[in-house]
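# Descriptive structure summary
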Amino acid sequence: MRIGDIRDVALGRLHALSMAVRWPHREADWEMLLGFGHGLAASDEIGRVLSTAMWFTHGEDFATMGMLITSPRLQTHGAGRWLMEHVIAQTAPRRLGLNATRAAQPLYRSMGFKDEATVYQCQGEARLTADVKPRGMLRPIAPADMDAIAALDRVAFGADRRRLLDLLAGMSQGLVLERDGAVVGYGLCRPFGRGYVVGPLVATTDEDAVALAAPHIAAHAGSFVRLDTRSEAGPFAELLVRAGLPVFDTVTTMSLASSPWLPVAPSAGAPRIYALASHALS
Ligand SMILES: CC(C)(COP(=O)(O)OP(=O)(O)OC[C@H]1O[C@@H](n2cnc3c(N)ncnc32)[C@H](O)[C@@H]1OP(=O)(O)O)[C@@H](O)C(=O)NCCC(=O)NCCS
């Protein structure tokens, strides 16, 4: 096997690889990830891509990783572990977070990653009318909101992801919730995979998170909508079921760090991530 920059691999080949493991990414989704992050591809001597891995830096001391895929016919031969060793070397000394599928969990645990939380992948054909009354003013995101959004997000995410937020805001429909003149939550929605993904979404209460998510879901009624959340129960989780987005699968958030990445018990009133940007980006 040879290892090289993922950007040297034709987009069509990367797309074929993710389709082979039944992931929903379109070429446009790969393109966005390639533009934002870094990645490696392992190929055989005749140029076939066997395995890929990507990482995404957020601020000075944190990175997330994802898009670890080995072609189904070539799994369990060591390619995944080999690429992971490179990703860890490339991202050190940053703390590293990821969302692990069941297939990859033993690999990550054996490399020192610790389990932190379950992510519920909620998806389906959206059926919802936006009948939620927000506590505050709900309005489209304006460029002048980005500083306040990034500050709120930094507390919720545990690292500075301003660069990612600027990118996602440019390709998403975005809403902010404003109360007493301050931004208290935001939610984005963009085309992804088979339809649309709602996220990232940050709010301080379930009630605010519902107010931010419901209009996005209702705007795509009849279409395929996905939302990845760590909320297992409560009004936000109930909204997703009501909206036709039941839990389809789960992944496990893990990190390689001296202390947990996610807040262990977020204090009441602190901003929280209600919807992830995506599995790979977190
Ligand atoms: C997860 C995945 C990337 C592993 O790639 P791989 O090239 O097969 O990995 P390796 O051969 O290096 O195996 C790494 C370890 O995981 C174990 N492993 C691999 N596939 C496994 C599976 N399906 N279930 C349990 N353990 C598995 C191997 O036995 C190996 O352990 P060892 O080194 O102690 O022997 C691959 O199964 C895959 O592409 N799955 C579908 C996409 C996916 O879920 N990606 C992970 C996203 S978080």
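Residues numbered from 1 in each chain as written. Predicted model: local features only at pLDDT ≥ 70, side-chain atom pairs only at ≥ 80, totals over all residues. Heavy atoms only, no water.

Once that is clear, we can look at the packing of helix α5 (residues 146-157) against helix α6 (residues 162-171). Direction vectors running N to C along α5 and α6 enclose 130°, while the axes themselves pass 10 Å from each other. Judged on the interaxial angle alone, α6 and α5 are oblique. Between α5 and α6 lies a crossing of right-handed hand. Facing α5, whose interface residues are M146, D147, I149, A150 and D153, α6 presents R162, L165, D166 and A169. Among the residues forming the contact of α5 with α6, the class breakdown is five nonpolar, no polar and four charged. (Axes fitted to C-alpha atoms, helices over the stretch in contact; angles between N-to-C directions. Helix = DSSP H or I, 4+ residues; strand = E, 2+ residues; numbered from the N terminus. Parallel < 35°, antiparallel > 145°, perpendicular 65-115°, else oblique. Left-handed = near helix turned anticlockwise from the far one by under 90°. Contact = heavy atoms within 4.5 Å. Nonpolar A, V, L, I, M, F, W, Y, C, P; charged D, E, K, R; others polar.)

With that settled, the discussion passes to the site of the ligand. Near the ligand there are 20 residues, and of these L68, T76, G78, R81 and T101 occur at the shortest range. Between Q75 and the ligand, the recorded distance is 3.4 Å, taken from a side-chain N or O atom to an oxygen atom. G80 places a polar main-chain atom, nitrogen or oxygen, 2.9 Å from an oxygen atom of the ligand. Contact with the protein chains removes 71% of the 900 Å² of surface that the ligand exposes when unbound. Of all the secondary-structure elements, those providing two or more residues to the shell around the ligand are β4 (62-70), α3 (79-91), β5 (95-100) and α4 (105-110). Partitioned by chemical class, the residues of the shell around the ligand number 11 nonpolar, eight polar and one charged. (Near = heavy atom within 4 Å. Polar contact = N/O pair within 3.5 Å; in protein donor to acceptor, adjacent residues only side chain to side chain. Areas by Shrake-Rupley, 256 points an atom, 1.4 Å probe, with all protein chains shown as cover.)

In this section: unusual backbone geometry. In this model, A92 is joined to P93 through a cis peptide bond whose omega is 5°. For P93, the position within the fold is in the loop between α3 and β5. The omega torsion across G199 and P200 is -5°, close enough to zero to call that bond cis. Within the secondary structure, P200 is located in strand β10 (residues 195-203). Even without being a glycine, D180 presents a positive backbone phi close to 50°. Turning to its location among the elements, D180 is positioned in the loop between β8 (173-179) and β9 (182-192). You can call D180 exposed: its relative accessible area is 81%. (Buried < 20%, exposed > 50% of the residue type's maximum accessible area, 1.4 Å probe, protein only.)

In terms of residue burial, β4 counts as a mostly covered element, since nine of its nine residues are buried. For strand β3 (residues 49-58) and β4, the ladder comprises seven bridges, and the chain directions are antiparallel. By the bridge assignment, F56 is partnered in β4 with T64. The hairpin turn running from β3 into β4, its antiparallel successor, is three residues long, and G59 in that turn takes a positive phi close to 70°. Pairing of β4 with β5 involves four bridges; the strand directions are parallel. Its bridge partner being in β5, M65 is matched across the sheet by L98. In this view, the connection linking β4 to its parallel neighbour β5 by way of α3 has right-handed handedness. (Pairing = 2+ DSSP bridges. Right-handed = clockwise from strand over helix to strand, strands pointing away.)

If you walk through the whole model with that rule in mind, you get 15 salt bridges. Between R7 and D5 there is a salt bridge; the shortest N-O distance is 4.0 Å. When its relative accessible area of 44% is taken as the criterion, R7 is described as partly exposed. Among the ionic pairs, D147 bridges to R162, the shortest N-O distance being 2.7 Å. (Salt bridge = Lys/Arg side-chain N within 4 Å of Asp/Glu carboxyl O.)

The domains assigned to the chain are domain 1 (2-93) and domain 2 (122-275). For domain 1 and domain 2, the distance between their C-alpha centres works out to 26 Å. With 12 residues of domain 1 at the contact, the number on the domain 2 side is 16 residues. Between domain 1 and domain 2 lies a buried interface of about 1,200 Å² when both sides are counted; carbon and sulfur atoms form 72% of it. Per-residue buried area on domain 1 facing domain 2 is highest for M32, F36 and F62; these three make up 43% of the total on that side. Taken together, the links from domain 1 to domain 2 amount to zero salt bridges. Secondary-structure elements contributing two or more residues to the side of domain 1 that touches domain 2 are α2 (27-36), β3 and β4. Here the element with the most residues in the side of domain 1 that touches domain 2 is α2; it accounts for three residues. By residue class, the composition of the side of domain 1 that touches domain 2 is five nonpolar, five polar and two charged. (Domains from an automatic or database assignment. Buried area = accessible area lost by both parts, 1.4 Å probe.)

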